[in-house]
2 protein chains.
Amino acid sequence: MKTIKDIAKELGLSVSTVSRALNDKPDIKKETKEKILEEMKRLNYSPNANARSLIQKKSNIIGLMLSDITDPFFSEVALGVEEVSSKSGYQVIYGNTFLNLEKEKRFLSSLLERKIDGLIMKPGKLDEELLRLIEQLEIPIVFLRKLRENEQHLNVSSIDVNHYKAAYRAVEYLIKLGHVNIGFIGMSKDVSEEEDRLKGFLDCLENHNINYTDDNIIISGTGIEHGGTGVKQLLNKKSNITAIFTANDLLAIGALEWLVKNNYKVPENISVVGFENLEISSLHWINLTTVDLPRKKIGIQAAEMLMNMVSSDHVKKEEVELDTKLIIRKSTGGNQLHS
Amino acid sequence: MKTIKDIAKELGLSVSTVSRALNDKPDIKKETKEKILEEMKRLNYSPNANARSLIQKKSNIIGLMLSDITDPFFSEVALGVEEVSSKSGYQVIYGNTFLNLEKEKRFLSSLLERKIDGLIMKPGKLDEELLRLIEQLEIPIVFLRKLRENEQHLNVSSIDVNHYKAAYRAVEYLIKLGHVNIGFIGMSKDVSEEEDRLKGFLDCLENHNINYTDDNIIISGTGIEHGGTGVKQLLNKKSNITAIFTANDLLAIGALEWLVKNNYKVPENISVVGFENLEISSLHWINLTTVDLPRKKIGIQAAEMLMNMVSSDHVKKEEVELDTKLIIRKSTGGNQLHS
DNA sequence: CTGTTAGCGCTTTCAG
DNA sequence: CTGAAAGCGCTAACAG
């Protein structure tokens, strides 16, 4: 491996002069610089970023901690993050955690050792140790979700959509279509984003004086198959349901599939609204009314926020909330029982 | 930031002793070691991986160059790669190139400076400069596709499925179902994987003495929408087509969508076979017969190969070819015109 | 404009 | 078993 020394020796110069040429410093004669740059090319020299990091106390690396890169939401976020970061000269070290505490800790520890300059992360529920780890990093951080109760003291920024408002609007749309018996199919009680969506759902019903019981709400799981089991349970408990709001598109698609197989007509008998606007949700057969999340934008903006933070010493905490859009397609229609 | 010096000073020891404790070296008294480890915890010490990399000439970082992480194929590969690498103590720097030569070069150059230990990559068509860059890296490399003509001299390993055989088998299946007028919808002439698939398609027809013309083949594009335009063109030119083999699932799904909208019945009027086995291809409405690619396995095995290579000085070139499986679903059926 | 020097945080001889 | 010293490749004062 060629070093700055090799160049210097070859040209009879000092390493500092070579360094100056390498870093576009002003105090160097044009010709010397050109000569050096040429020699670098000739010797296939490539500077050692680790050595540079060591002395400058800046690695030009950021971390990206996700739960699962195969989730279309995160892969688009990751795309946006990498795009913005690489443009600013940063490399991205990425890791999947599946919201597993141990994996989260291991990944953050490894980033801590690498002395990264910034971090974009979607953590699960943080325990004391993890909170300490995050503080210990002492670098700008952007959360890909809102800060929770026990995280308010952290000096980290965040970006997320307003899940509450998004859900509220979606349900309001169903109510305007004449639906009064509306079910909810969720993923898990432990996901705070879902909590917000559920709250939006419930508040909307209440504000419109619509009655509901616990039976209107099924917590089913996170995959397509849970959409099926979800509707089934829901209709078992409340056979008069005419509309369903699900916590994500996969659940909605699973529900749709189950409904079709069991001879329900969508939207004639039952309306279904999803959440996420996956690419496949616009397919002819699915045509799902759903809430669009600006996924790539989240990634881009998260990275832009981080780039600003790493390049300024005064880091001010910022909590960004992006807006969503209800995409109306063919899985929703007027309530036939009331029209 | 705490350093090894702080620990040493605090305990009245030398840095080398601290280093020994840190690295589990044998020549250190048990009690000293314990004392040091405790002090490290107390001071929240975390070693500097960059300093270590510098002296050990080993970064414990690998690179992962993909065309597009939002492609389900690559996101699963990325998942497998990260899983295996992190288990072996390696961090993954990832980048998207969209097969753009400039982006590929920029990304590789940045990896070159970072002095990474290994690289997994899915490049496009390599030009001279890129070939030189790859050699210049002087590290173990695994390609996520077969080596092409002008790359044979490279000392890089590769892993891929046998696209030719997979296509051949899929088409053979259609022929066994009685089809003789079979069309092909492809993405682009520049994708070597597709070349192999097309060759498998053509060889299979020839070996079964089935006639075809250029009109049996449409190169349409890469997204769902191109599936639609593809079938349309195909049926315009050859209205007697009863089966279609597409170069990927998205094309097949787009074709399916167009067929349904235009009142063709699948598989009664037309059979469709895809390639990739996306998750959505098993949906009730789609139910696509397709070729399953072991995506996650490719990622895992690529990383395992790389881990072996980086931890042994004698790197031997290896070209792995994984097998595929034809998944038979409801988008294919017997040729009604002949039965 | 260029060279000398010190040192980033760590590992690794080599003595003792 | 422990310490002193050298040095990985580079940057950043400070002289000149």
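Position numbers for residues count from 1 along each chain, tracking the sequence in the order it is written. Chains carry letters and ligands carry numbers; both start at the beginning, A for chains and 1 for ligands, and go up in the order they are written. Residue-level local features of this predicted model are given only where pLDDT is at least 70; pairs of side-chain atoms are given and counted only at 80 or more, and the full residue set underlies all totals for whole chains, interfaces and linings. Side-chain measures here rest on the full set of heavy atoms in the structure, leaving out hydrogens and waters.

Asks: Give a description of the sheet that holds strand β7 (residues 217-219) of chain A that names residues and reports values.
Replies: Residues and elements named next belong to chain A. When DSSP finds two or more bridges between a pair of strands, those strands are recorded as paired. Per the convention used, a helix needs a DSSP run of H or I reaching at least four residues, while a strand needs a run of E reaching at least two, with both numbered from the N terminus. Pairing is parallel across the open sheet formed by four strands, whose spatial order is β7-β6-β8-β9. Unpaired on one side and paired on the other, β7 and β9 (271-273) mark the two borders of the sheet. Across the sheet, the axes of successive neighbouring strands diverge by a mean angle of 20°, strand direction being ignored. Sheet analysis places strand β6 (residues 182-186) next to β7, joined by three bridges and oriented parallel. Here, axes are lines fitted to C-alpha atoms. For helices the fit covers the stretch in contact, and angles between N-to-C directions go from 0 to 180 degrees.

Asks: Summarise the relation of the copies chain A and chain B; cite the residues concerned and give the values.
Replies: For the match of chain A to chain B, the screw axis carries a shift of 0.0 Å, the RMSD comes to 0.1 Å, and the turn is 180°. Considering both components of the superposition, the chain copies are consistent with a two-fold axis. Ranked by how close their C-alpha atoms come to the rotation axis, the residues of chain A are headed by I93(A), at 2.2 Å. Both copies share a contact surface, since 100% of the interface residues of chain A are interface residues in chain B too. When the copies are superposed, the least-squares fit draws on C-alpha atoms of residues that have pLDDT of at least 70 in both. Throughout, a contact is declared for two residues whenever any of their heavy atoms are within 4.5 Å.

Asks: Can you break down the protein's contact with DNA strand D residue by residue, with the values?
Replies: The environment of DNA strand D is formed by 29 residues, the closest being I4(A), Y45(A), R52(A), T17(B) and R20(B). Here DNA strand D approaches the protein such that, of its atoms within 4 Å, sugar and phosphate make up 66%. Whenever a nitrogen or oxygen atom comes within 3.5 Å of another N or O atom, the pair is scored as a polar contact, on the condition that within protein one atom can donate a hydrogen and the other can accept it, and that pairs from neighbouring residues in sequence are kept only if both atoms are in side chains. N48(A) is positioned with one of its backbone polar atoms (N or O) 3.1 Å from a phosphate oxygen of DNA strand D. K29(B) places a polar main-chain atom, nitrogen or oxygen, 2.9 Å from a phosphate oxygen of DNA strand D. Put simply, the parts of the chain that give the surface near DNA strand D at least two residues each are α1 (4-11), α2 (15-22) and α4 (49-56) of chain A together with α2 (15-22) and α4 (49-56) of chain B. Working definition: residue near molecule or strand if any one of its non-hydrogen atoms lies within 4 Å of it.

Asks: Go over the protein's contact with DNA strand C, please, and point to the residues and values.
Replies: Neighbouring DNA strand C are 30 residues, the closest being S16(A), R20(A), I4(B), Y45(B) and R52(B). Backbone sugar and phosphate groups make up 64% of those atoms of DNA strand C lying within 4 Å of the protein. A distance of 2.7 Å separates a phosphate oxygen of DNA strand C from a polar side-chain atom of T17(A). At 2.7 Å from a base nitrogen of DNA strand C is found a side-chain nitrogen or oxygen belonging to R20(A).

Asks: Residues and numbers for the interface of chain A and chain B, please.
Replies: With 47 residues of chain A at the contact, the number on the chain B side is 47 residues. Reported buried area values correspond to the accessible surface (1.4 Å probe) lost by two parts on association, with both partners' losses combined. Buried area between chain A and chain B, summed over both chains or domains, comes out near 4,600 Å², and the portion from carbon and sulfur atoms is 62%. Salt-bridge detection follows one rule: a side-chain nitrogen of Lys or Arg within 4 Å of a carboxyl oxygen of Asp or Glu. Summed over the shared surface of chain A and chain B, the number is zero salt bridges. Summed over the shared surface of chain A and chain B, the number is 24 residue pairs in polar contact (both at pLDDT 80 or more).

Asks: A description of the pairing of strand β3 (residues 118-121) of chain B should follow, citing residues and the corresponding values.
Replies: Residues and elements named next belong to chain B. When accessible area is computed with a 1.4 Å probe and restricted to protein chains, residues below 20% of their type maximum are described as buried, those above 50% as exposed, and intermediate ones as partly exposed. The alternating pattern of β3 places G118 and I120 on one face and L119 and M121 on the opposite face, and all of these are buried. Where strand β1 (residues 61-66) meets β3, four bridges bridge the pair, whose relative direction is parallel. The residue of β3 that forms the bridge with L64 is I120. For β3 and strand β4 (residues 141-143), the ladder comprises three bridges, and the chain directions are parallel. From the neighbouring strand, L119 faces β4, where its bridge partner is I141. For the handedness criterion, the β-α-β arrangement of β3, helix α7 (residues 128-137) and β4 is classed as right-handed. A clockwise path from the first strand over the helix to the second, with the strands pointing away from the viewer, defines a right-handed crossover.

Asks: If you had to explain the UniProt feature "domain: HTH lacI-type" (unreviewed entry) in chain A to someone new, which residues and values would you point to?
Replies: UniProt positions are given in the numbering used here, feature names are shortened, and annotations may be inferred rather than shown by experiment. Using the residue numbers shown here, the UniProt feature "domain: HTH lacI-type" (unreviewed entry) corresponds to residues 2-56 of chain A. Annotated as 67% helix and 0% strand, the span residues 2-56 of chain A places its first and last C-alpha atoms 21 Å apart.

Asks: So what's going on with the sheet that holds strand β8 (residues 243-246) of chain B? Residues and values would help.
Replies: Residue and element names in this part refer to chain B. Strand order in this open sheet of four strands is β7-β6-β8-β9, and the pairing throughout is parallel. Each edge of the sheet is formed by a strand with only one pairing partner; in this case those strands are β7 (217-219) and β9 (271-273). The average undirected angle you get between the axes of adjacent strands in this sheet is 20°. Bridge count for β8 against β9 is three bridges, and the pairing is parallel. Paired with A243 across the two strands is S271, which belongs to β9. Relative to the sheet, helix α8 (residues 163-176) contacts β6 (182-186), β8 and β9, its axis offset from that of β8 by approximately 170°.

Asks: So what's going on with the pairing of strand β11 (residues 319-322) of chain B? Residues and values would help.
Replies: Residue and element names in this part refer to chain B. With burial as the criterion, only one face of β11 is covered, namely that bearing V320 and L322; the residues E319 and E321 on the opposite face remain uncovered. Here strand β5 (residues 157-161) pairs with β11 via four bridges, running parallel. Across the sheet, residue S158 finds its bridge partner in β11, namely E319.

Asks: I'd like a rundown of a nonpolar patch on the surface, residues and numbers included.
Replies: Candidate patch residues must exceed 30% relative accessible area and have no salt bridge, after which like charges are joined if within 9 Å and Val, Leu, Ile, Met, Phe, Trp or Tyr side chains if within 5 Å. Surface accessibility in these figures is a Shrake-Rupley result with a 1.4 Å probe; residues are shielded only by whichever protein chains are displayed. There is a patch of nonpolar side chains on the surface, built from L54(A), L54(B) and I55(B) and spanning about 250 Å² of accessible area. Inspection of the secondary structure assignment puts L54(A) in helix α4. Looking at L54(A), the relative accessible area reads 30%, which means it is partly exposed.

Asks: Could you give me a rundown of the pattern of salt bridges, with the residues and numbers involved?
Replies: All names here are of chain A. Across all of its chains, the model carries 33 salt bridges over all chains by this definition. The residue D323 makes a salt bridge to R169 at a minimum N-O spacing of 3.2 Å. Here R169 lies in helix α8 (residues 163-176) and D323 lies in the loop between β11 (319-322) and β12 (325-327), a separation of 154 residues in the sequence. Through salt bridges with shared partners, one network takes in E102, K105, D127 and E129.

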